[in-house]
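Results of the structural survey
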Amino acid sequence: MLDLKFIRNNLETVAAMLTARSNSLDLSEFKTLDSQRLELLGQVETLKNQRNTSSDTIARMKKAKEDAGAEITAMRDVSRQIKELDAQVSEVEKQLYEIVYLIPNLPHNSVPQGSTEEDNSFVREWGVKPELPFTPAPHWDIGEKLKILDFERGAKITGSRFTLYRDLGAKLERALINFMLDQHTEKHDYTEVLPPFIVNQTSMTGTGQLPKFADDLFKLEGLDYYLIPTAEVPVTNIFQNEILENSELPSYFVAYTPCFRKEAGSHGRDTRGLIRQHQFNKVELVKFSDPENSYDELEKLLANAESILQALNLHYRVVNLCCGDLGFSASKTYDIEVWLPGQGVYREISSCSNFEDFQARRANIRYRPKTGGKTRFVHTLNGSGLAVGRTLVAILENYQQEDGSVIIPEVLRPYLKGKEKITKQ
RNA sequence: GGAGAGAUGGCCGAGAGGUCGAAGGCGGUAGACUCGAAAUCUAUUGUGGGCUUUGCGCUCACCCGGGGUUCGAAUCCCCGUCUCUCCGCCA
């Protein structure tokens, strides 16, 4: 969330940002509630001061064996007023925060204007679009023919958008997870963590999934628990309500987790194949940085994610998301889009964002600056490094052969007992 | 799932209705001593909000979280969460 004081003093800026993000939230209510709150706080604090002073007096009088009856009677009324005002304050605050929690983050000034995908700006591409000497098949055909992906049985076991991986399909997925974790821990200095896959409401609110995006989450019945939609949630919340020492920054974490998403509102989209599943695997990179270096850290994080695609020799491009395409909590986001010849499109395979202090303020993650002085909020960043299911899709489609077999990328072979090719059984 | 114990500042640990934001110790910081270091001594050392003549000057809140009792709660009562011990169950 944004700083209350900032919103108060920059109401027009915030309103303009909402428009740029096509968000129709009305800020007039904020203005009213915010000034009400300050007014009430002033009143109640004056009374509390009175009570504190009087308490001392009463204590002194009692000690001196004097009669404090009159003082006590007078305070009875003051206490009653305090109670009433406190109740009003918390009611006003509740309403105020309901609004503030729905205000998205401010985009960084390097974020392009615009409202749709079309307005995202091209950053760079790596490799060349491969030309296959035959008509490439989509991964669902390849996977089914090789009997490594079983969509029908996945649907039977659970429902649509669930898939059963078999044999080398399962092994390839596992190899990718291990490969990615090894790369990031050994070459890029990330600390591996294996977090809970279920989190509470506080954590979900900390990273910004709640309260606004409750419809996208799987909630456990009768409990305050949710299945994580990304490792960003448990990993960013590692330091929830903590004050970090300067020496702990920057700090890098990498986590493999499954991700669970309802995909509400995407009926009919990407219904075939592995692209849009209710459950998928992801290796996630999460960073905590001081504000001065967070944009450098974002570039490095992006490069770390890209390095996986480079090692797998998969052609991709990087785009800088425009205002309208930016996620709720992000200040700036780069998407990495991998080329999928079977479908003839670039598909998002990683999303790398700087959230600045938006999540840190919600989750209350601070640090002590090197220069001393007051604690400040850290900047949080994260990015997929990479979405594992989509990486498997990219491998199947880019490494497919005319006979229906699939070559295994060299860097993965050590994870698959040296196997070089997936062929029909 | 059943029974019991506990949760206090960066850490350990006092505290049991009134000058307690909280003794004491450790740690941290600054200074003294020293050629320098250690030891010793001295001082200082939480977080957030509001006001502000911007002087951390005044003030409010915070002793797991939420309610309650009271003129007054770290201290008493209720609910919840978490941790530990024992029993049961279990990968």
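Quick summary incoming for the structure in this document.

Conventions used here
- Residues numbered from 1 in each chain as written.
- Chains lettered and ligands numbered in written order.
- Predicted model: local features only at pLDDT ≥ 70, side-chain atom pairs only at ≥ 80, totals over all residues.
- Heavy atoms only, no water.
- Salt bridge = Lys/Arg side-chain N within 4 Å of Asp/Glu carboxyl O.
- Helix = DSSP H or I, 4+ residues; strand = E, 2+ residues; numbered from the N terminus.
- Buried < 20%, exposed > 50% of the residue type's maximum accessible area, 1.4 Å probe, protein only.
- Core = buried A, V, L, I, M, F, W, Y, C linked by side-chain atoms within 4.5 Å.
- Axes fitted to C-alpha atoms, helices over the stretch in contact; angles between N-to-C directions.
- Left-handed = near helix turned anticlockwise from the far one by under 90°.
- Contact = heavy atoms within 4.5 Å.
- Nonpolar A, V, L, I, M, F, W, Y, C, P; charged D, E, K, R; others polar.
- Expected span 1.5 Å × (residues − 1).
- Pairing = 2+ DSSP bridges.
- Parallel < 35°, antiparallel > 145°, perpendicular 65-115°, else oblique.
- Near = heavy atom within 4 Å.
- Polar contact = N/O pair within 3.5 Å; in protein donor to acceptor, adjacent residues only side chain to side chain.

For the structure on display, the rule yields 18 salt bridges. In this structure, the salt-bridge partner of Arg 124 is Glu 306, at a minimum N-O distance of 2.6 Å. Note that Arg 124 is positioned in strand β1 (residues 121-126) and Glu 306 in helix α10 (residues 294-311), a separation of 182 residues in sequence. By relative accessible area, Arg 124 is classed as partly exposed at 31%. Here Asp 150 makes a salt bridge to Arg 166, at a shortest N to O gap of 3.6 Å. Placement of the pair is Asp 150 in strand β2 (residues 149-150) and Arg 166 in the loop between β3 (164-165) and α7 (167-186), with a sequence separation of 16 residues.

A word on the nonpolar core. Counting 52 residues, the largest nonpolar core has Ile 395 and Leu 412 as the members making the most contacts within it. Top element by residues in this core is α7. It accounts for eight residues. The next biggest cluster of nonpolar side chains, apart from the first, holds 26 residues, and it includes Leu 2, Val 14, Leu 18 and Val 92.

Interhelical geometry of α7 versus helix α12 (residues 388-398) gives an angle of 115 degrees and a closest axis separation of 10 Å. Considering the relative orientation of α7 and α12, their crossing is right-handed. Here Gly 169, Leu 172, Glu 173, Leu 176, Ile 177 and Met 180 of α7 come into contact with α12, specifically with Val 388, Gly 389, Thr 391, Leu 392 and Ile 395. Residues belonging to the contact of α7 with α12 are distributed by class as follows: seven nonpolar, three polar and one charged.

The next subject is helix α3 (residues 28-63). Counted at 1.5 Å a residue, the expected span for α3 with its 36 residues is 52 Å, and the 53 Å between its end C-alpha atoms agrees. Buried residues along α3 sit against α1 (4-9), α2 (11-20) and α4 (69-100). Where α3 terminates, the next one or two residues include Lys 65, which has phi positive at roughly 60 degrees.

Spatially, three strands are ordered β7-β13-β14 in an open sheet, and the strand pairing comes out mixed. With one partner strand each, in any of the chains shown, β7 (242-244) and β14 (376-377) form the two edges of the open sheet. As paired strands, β7 and strand β13 (residues 365-367) are joined by three bridges and run parallel to one another. Residue pairing across strands places Ile 243 opposite Arg 366, the latter belonging to β13.

On to the packing of α7 against α10. One way to put it is that α7 packs onto α10 with a least axis distance of 11 Å and a crossing angle of 130 degrees. The angle between α7 and α10 falls in the class oblique. Here the hand of the crossing between α7 and α10 comes out right-handed. Counting all contacts with α7, which are made through Phe 179, Met 180, Gln 183 and His 184, the residues of α10 involved are Asn 304, Ala 305, Ile 308 and Ala 311.

Across the eleven residues of strand β9 (residues 279-289), ten count as buried, placing the element largely inside the fold. Where strand β8 (residues 251-260) and β9 come together, ten bridges link them in antiparallel fashion. When the sheet's bridge partners are listed, Tyr 256 is paired in β9 with Val 283. As paired elements, β9 and strand β15 (residues 379-387) share seven bridges and run antiparallel to each other. Bridge assignment links Phe 288 to a residue of β15, and that residue is Thr 380.

Inspection of the secondary structure assignment puts Thr 333 in strand β11 (residues 332-340). Taking relative accessible area as the criterion, Thr 333 reaches 3% and is therefore assigned buried. Once residues within four sequence positions are removed from consideration, Thr 333 is found in contact with Val 319, Asn 320, Leu 321, Leu 326, Ser 351, Cys 352 and Ser 353.

Once that is clear, we can look at the sheet that holds β9. Reading across the sheet, the eight strands line up as β1-β10-β11-β12-β15-β9-β8-β4 and stay open at both edges, with mixed pairing between neighbours. The open sheet has two edge strands with one neighbour each: β1 and β4 (191-193). On average, each strand axis in the sheet is tilted by 25 degrees relative to the strand beside it, whichever way the strands run. Sheet topology places strand β10 (residues 316-320) next to β11; five bridges connect them, and they run antiparallel. When the bridges of β11 are listed, Arg 317 appears paired with Glu 337. Contacts from α7 reach β4, β8, β9 and β15 within the one sheet, and its direction differs from that of β9 by about 10 degrees. The strands touched by α10 within the sheet are β1, β8, β9, β10, β11, β12 (345-354) and β15, with β15 carrying the most contacts at an inclination of about 5 degrees.

So, on to the protein's contact with RNA strand B. Glu 45, Arg 76, Ser 79, Lys 83 and Thr 375 are the nearest of the 20 residues found near RNA strand B. Sugar and phosphate atoms constitute 73% of the interface atoms of RNA strand B, taking the interface as everything within 4 Å of the protein. Contacts to RNA strand B include Asn 49, whose side-chain N or O atom sits 2.9 Å from a phosphate oxygen. Between a sugar or linking oxygen of RNA strand B and a side-chain N or O atom of Ser 55, the distance comes to 3.5 Å. Every element with two or more residues in the surface near RNA strand B is listed here: α3 and α4. Examining the composition of the surface near RNA strand B, we find that ten residues originate from one element, α3, more than from any other. Residues of the surface near RNA strand B, tallied by class, amount to four nonpolar, five polar and eleven charged.

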